[in-house]
Amino acid sequence: MTIAVRFDHVTKRYDDEIALDDLSFTINAGSIYGLVGRNGAGKTTAIRILLGLAKATSGQVSLFEGDRSRRVGYLPDVPALYDWMTGAEYLRMMAGLANVPMAEQQQRIPALLELSHLGDGHDRIGTYSLGMRQRLGLAQALVGNPDLLILDEPTSALDPLGQRETHDLIRSLRGKTTVMICSHFMDDVESIADTIGILENGQLLAEGSMAQLRAGVDLSETIEVELTDRIAEVEHALLRESWVLAVDTRGKTLRIHATDDEIGWRRIPIIVGEEQSGIIHMDAHVPSLEDVFISLAGEEE
Amino acid sequence: MSPRRAFLQKEIMEYLRTWRIWLLVLPVLIFAIIGPAFSYFTADFTGEVLDIADTYEEETITPDWFAAYSQWTYSLRQILPVLLVLIAGSTIAGECATGTAIPILASGLSRRDFVVLKFAVASGMACAVIVAGTLTIHLISLMLYPQVPWLAPVAVIGVASLLAMLLIAMALFFSTIMPDVFGAVGLEMFLFLALAAASLWEPARRYSPVGLLTSLSDIVKYNEINVLVPGISAVVCTILLVMMSVSVFERREL
C-alpha cells in the first residue's frame with residue numbers, strides 16, 4: 001500500500017507557541033482521512049506544512065514517498081478567489097496551473113460547473129454567495145484531477161443539501177483519490193472518513209476508524225429518552241437506581257448511562273410511569289465522533 | 001496550457017479588467033495629450049496677460065516641440081513612480097494577505113515563477129503605457145510643429161522604461177518582505193522620496209540609477225547627457241532586486 005501522506009515527528013513552533021507537537025501519522029493512498037480538532041488545534045498548520053506554505057521546525061513531511069509528479073488539490077477554509085474573474089475563467093486558470101491538457105479542460109470544466117451548480121460559469125465571482133464560492137473552491141481543487149485532495153472545512157458555508165452533496169462527492173472519490181478532510185464539524189468526518197485523527201494542542205490524541213475510536217475511549221451505548229414533562233423528578237428517580245451510572249439532561253431528553261442496558265430498557269418506562277411523566281421517544285444512542293472528541297478533549301484538559 | 005502561461009494570462013487579465021488599467025493609462029494619456037496643448041497655447045496666453053498688465057514690453061515666445069516634450073517628461077517623472085508604486089507595490093502583499101496566492105502556489109506554480117511573472121507583466125504594462133503616451137505626444141507634436149527629431153521619443157521611451165522597471169522591482173521587493181499592503185506601499189513611497197532627494201547629489205546622478213530621474217527631464221534638451229552608467233546600474237539593480245525578491249519570497253511562510 002502506497003503512503004500518500006507521512007508526518008514524521010513534525011513539530012512547528014511560532015516563537016514560544018507550539019502549533020504542532022511531535023505529530024506523526026500516515027494516510028494510505030486512496031483512503032479518506034479526517035483530521036478533527038477544535039479551532040487552533042493545529043489542523044491548518046498541518047495543511048500549510050503539507051503544502052509547503054510553511055516549514056516544520058523539526059521532523060519530516062512527505063507526499064507519495066517523494067514522488068513529485070503527483071498532483072495536489074486544495075480547498076482553503078475560506079476560499080480566496082478573484083472577484084473580477086468568472087467562475088469558468090477561474091477554473092480554466094487553475095486547470096492551466098495544474099497542467100491539464102486543453103482537450104481535457106473542455107470536458108472537465110463544464111462538468112465541474114454543473115456538479116457545483118454554478119450554471120455556465122459566466123457570472124463574475126464577485127456576485128457569488130458564500131456557498132457558491134465554497135462550491136467553486138471545491139471545483140478548483142478537483143479540476144486538476146488530483147492524487148491528493150486536501151479539504152479545509154469543506155462544508156462550513158454550505159446548506160444541508162450542499163453538505164450532503166459534498167459528502168457524496170467525497171465518498172465517490174474513495175479508492176481513486178486520497179482525501180484529507182480537516183474540520184471542526186464532526187459530521188463532515190464521521191460518516192465519510194475511513195480513518196480519523198483527533199488533534200488537540202498540536203498532538204494526535206487518538207487515531208483509528210470510528211469503531212476503534214469508540215472502543216478506545218470506552219464509551220458505552222446509552223439510552224435516550226424524550227419525556228413529556230416532570231424531567232427533574234424522573235432524573236432524580238433514575239439517579240437513585242443502582243444500575244444507573246450517570247444521566248445527561250438536554251432539555252426534555254435524558255441520556256442514561258447504564259451498567260446493564262437490558263435492565264435499563266425494562267426499568268425506565270416503569271420509573272417514568274411512577275413519576276407520572278410520559279415517554280415521547282426512547283432509543284439507543286450510539287456514541288458519535290462528537291462524544292468521542294469531547295471525552296478525549298475533556299480528559300486532556 | 002503550461003502553469004506559467006496560465007498565470008501570465010491571469011496577470012494580464014487582472015491589469016486589463018481591474019482598477020489597475022485605469023490608474024495606469026488615464027493619467028499618463030491625459031498628460032500626453034494636454035502637454036503639447038499647454039505648450040502651444042501658453043505663449044499666446046502669457047502674451048495676452050502681459051499685454052493687459054502692460055507691465056513688461058511685449059516679448060515674442062515661440063512654441064516648439066521641445067516645450068511639448070519637456071512638459072511630458074516632467075509630468076512622467078512626477079506621476080510614473082507614484083502610479084507604479086500603487087500598482088506593483090500591492091501585488092504580492094495583496095495576494096498573500098487575501099489568500100488568493102495560496103491555491104495558485106499549492107497547484108504547483110513555483111514561487112520563483114510567481115514573482116518573476118508578476119515583474120514581467122507589470123514591466124510590460126508600464127512600458128506599453130510609456131510607449132503609448134510618448135507616441136501620442138510625438139504625433140500631436142508632429143501636427144503642431146514643423147520639425148520633431150525622431151530620436152526624442154526613442155530616448156524618452158528608453159530612459160522612462162528603464163526607470164519604470166527599476167521602480168517595479170523595488171515595489172515587488174517591498175511587497176515580498178512586508179505582509180501588510182499599506183506598509184509595503186508606504187515603504188516604497190519613502191524610498192522613492194529618498195531617491196528623489198539623492199538626485200540632488202551630483203555623484204549619485206552620475207553613477208547610480210538615480211541619474212535616470214534627472215535624465216528623464218533633460219534627455220530631450222541636452223545631447224551630451226550620459227545615461228549609460230545610470231542605465232547600466234539601473235539594469236543591474238533591477239536584476240538584483242528581482243533575485244532578492246525571489247529569494248525572500250521562497251523563504252517566506254504563507
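Residues numbered from 1 in each chain as written. Chains lettered and ligands numbered in written order. Predicted model: local features only at pLDDT ≥ 70, side-chain atom pairs only at ≥ 80, totals over all residues.

Caption draft 1: Main features of the overall build of chain B. Counting its regular elements, chain B contains 11 helices and zero strands. Along chain B, helices and strands appear, N-terminal first, in the series α-α-α-α-α-α-α-α-α-α-α. For chain B, the residues scored as buried account for 42% of the 254 residues in total. (Helix = DSSP H or I, 4+ residues; strand = E, 2+ residues; numbered from the N terminus. Buried ≥ 20, exposed ≤ 12 C-beta atoms within 10 Å, placed from the backbone.)

Caption draft 2: Local environment of the overall build of chain A. Secondary structure summary: chain A contains 10 helices and 13 strands in total. Judged by the C-alpha coordinates and their principal axes, chain A covers about 75 × 45 × 35 Å. Of all 301 residues assigned to chain A, the portion counted as buried reaches 39%. Considering only intrachain contacts with a sequence separation of at least 6, the fraction spanning at least 24 residues in chain A is 71%. (Contact = placed C-beta atoms within 7 Å.)

Caption draft 3: Fine view of the sheet that holds strand S10 (residues 222–227) of chain A. Residues and elements named next belong to chain A. With respect to topology, four strands assemble into an open sheet ordered S11-S12-S10-S13, the strand pairing being antiparallel. For this open sheet the edge positions go to strand S11 (244–250) and strand S13 (279–285), each flanked by a neighbour on one side alone. With strand direction ignored, the average angle separating the axes of adjacent strands in the sheet is 20°. Sheet topology note: the S10/strand S12 (residues 253–258) ladder contains four bridges and is antiparallel. Directly across from Val225, in S12, lies its bridge partner Leu254. Helix H8 (residues 231–239) rests against S10, S11 and S12 of the sheet, and its axis sits at about 165° to S11. Those strands touched by helix H9 (residues 261–274) are S10, S12 and S13, and its axis lies near 15° from that of S10. (Pairing = 2+ DSSP bridges. Axes fitted to C-alpha atoms, helices over the stretch in contact; angles between N-to-C directions.)

Caption draft 4: Geometry of the domain arrangement of chain A. One can read the domain layout of chain A as domain 1 (3–70 + 147–216), domain 2 (81–135) and domain 3 (222–285). Between the C-alpha centres of domain 2 of chain A and domain 3 of chain A there is a distance of 53 Å. (Domains from an automatic or database assignment.)

Caption draft 5: Representation of the pairing of S10 of chain A. Note: S10 of chain A against S13 of chain A, six bridges, orientation antiparallel. Within the sheet, the bridge partner assigned to Glu224 of chain A lies in S13 of chain A and is Asp283 of chain A.

Caption draft 6: Representation of the interface of chain A and chain B in the model. Taken residue by residue, the interface counts 21 residues in chain A and 23 residues in chain B. For the side of chain A that touches chain B, the elements supplying multiple residues, two or more each, are strand S5 (72–75) and helix H2 (87–97) of chain A. When residues in the side of chain A that touches chain B are grouped by element, the largest group, four residues, is from H2 of chain A. Looking at the side of chain A that touches chain B, its residues break down into 16 nonpolar, four polar and one charged. (Nonpolar A, V, L, I, M, F, W, Y, C, P; charged D, E, K, R; others polar.)

Caption draft 7: Geometry of helix H4 (residues 91–98) of chain B. Residues and elements named next belong to chain B. Within the sequence span of H4, burial applies to Thr91, Ile92, Ala93, Glu95 and Cys96. Against the buried residues of H4 lie helix H3 (65–88), helix H5 (101–106), helix H6 (111–144), helix H7 (151–177), helix H8 (181–198) and helix H11 (228–251). A positive phi of about 90° marks Gly99, the residue just after H4.

Caption draft 8: View of the environment of Ala194 of chain B. Residues and elements named next belong to chain B. Mapping Ala194 onto the fold places it in helix H8. We classify Ala194 as exposed; it has 11 C-beta atoms within 10 Å. Taking the C-alpha atoms as reference, Ala194 lies 12 Å from Leu213; in sequence the two are 19 residues apart.

Caption draft 9: View of the nonpolar core. Ranked by internal contacts, the top residues of the largest apolar core, which has 141 residues, are Leu84, Leu163 and Ile168 of chain B. Here this core spans two domains, since at least three of its residues come from each of domain 1 (3–70 + 147–216) and domain 2 (81–135) of chain A. Residues contacting Leu84 of chain B, with those up to four places away along its chain left out, are Ala126, Ala164, Leu167, Ile168 and Ala171 of chain B. (Core = buried A, V, L, I, M, F, W, Y, C linked by C-beta atoms within 7 Å.)

Caption draft 10: Structural context of the sheet that holds strand S8 (residues 195–200) of chain A. Residues and elements named next belong to chain A. Read from one edge of the open sheet, six strands run S5-S6-S7-S3-S8-S9, paired in mixed fashion. A strand with exactly one partner marks an edge of an open sheet, and here the two such strands are S5 and strand S9 (203–208). The average undirected angle you get between the axes of adjacent strands in this sheet is 15°. Where strand S6 (residues 148–152) meets strand S7 (residues 178–183), five bridges bridge the pair, whose relative direction is parallel. In the sheet register, Leu148 faces S7, and the bridge partner there is Thr178. Seen against the sheet, helix H1 (residues 43–50) touches strand S3 (32–36), S6, S7 and S8 and runs at an angle of roughly 150° to S6. Contacts from helix H7 (residues 210–217) reach S8 and S9, with the element oriented near 115° to S9.

Caption draft 11: Quick peek at the packing of H8 of chain A against H9 of chain A. All names here are of chain A. Two numbers describe how H8 lies on H9: the axes approach to 9 Å, and their chain directions differ by 130°. By the criterion of interaxial angle, the relationship of H8 to H9 is oblique. Considering how the two elements wind past one another, H8 and H9 form a crossing that is right-handed. Residues Val234, Ala237 and Leu238 of H8 form the contact with H9, whose participating residues are Ile271, Val272 and Glu274. Grouping the constituent residues of the contact of H8 with H9 by class yields five nonpolar, no polar and one charged. (Parallel < 35°, antiparallel > 145°, perpendicular 65-115°, else oblique. Left-handed = near helix turned anticlockwise from the far one by under 90°.)

Caption draft 12: Main features of the pairing of S9 of chain A. Where S8 of chain A meets S9 of chain A, five bridges bridge the pair, whose relative direction is antiparallel. Its bridge partner lying in S9 of chain A, Glu200 of chain A is registered against Gln203 of chain A.

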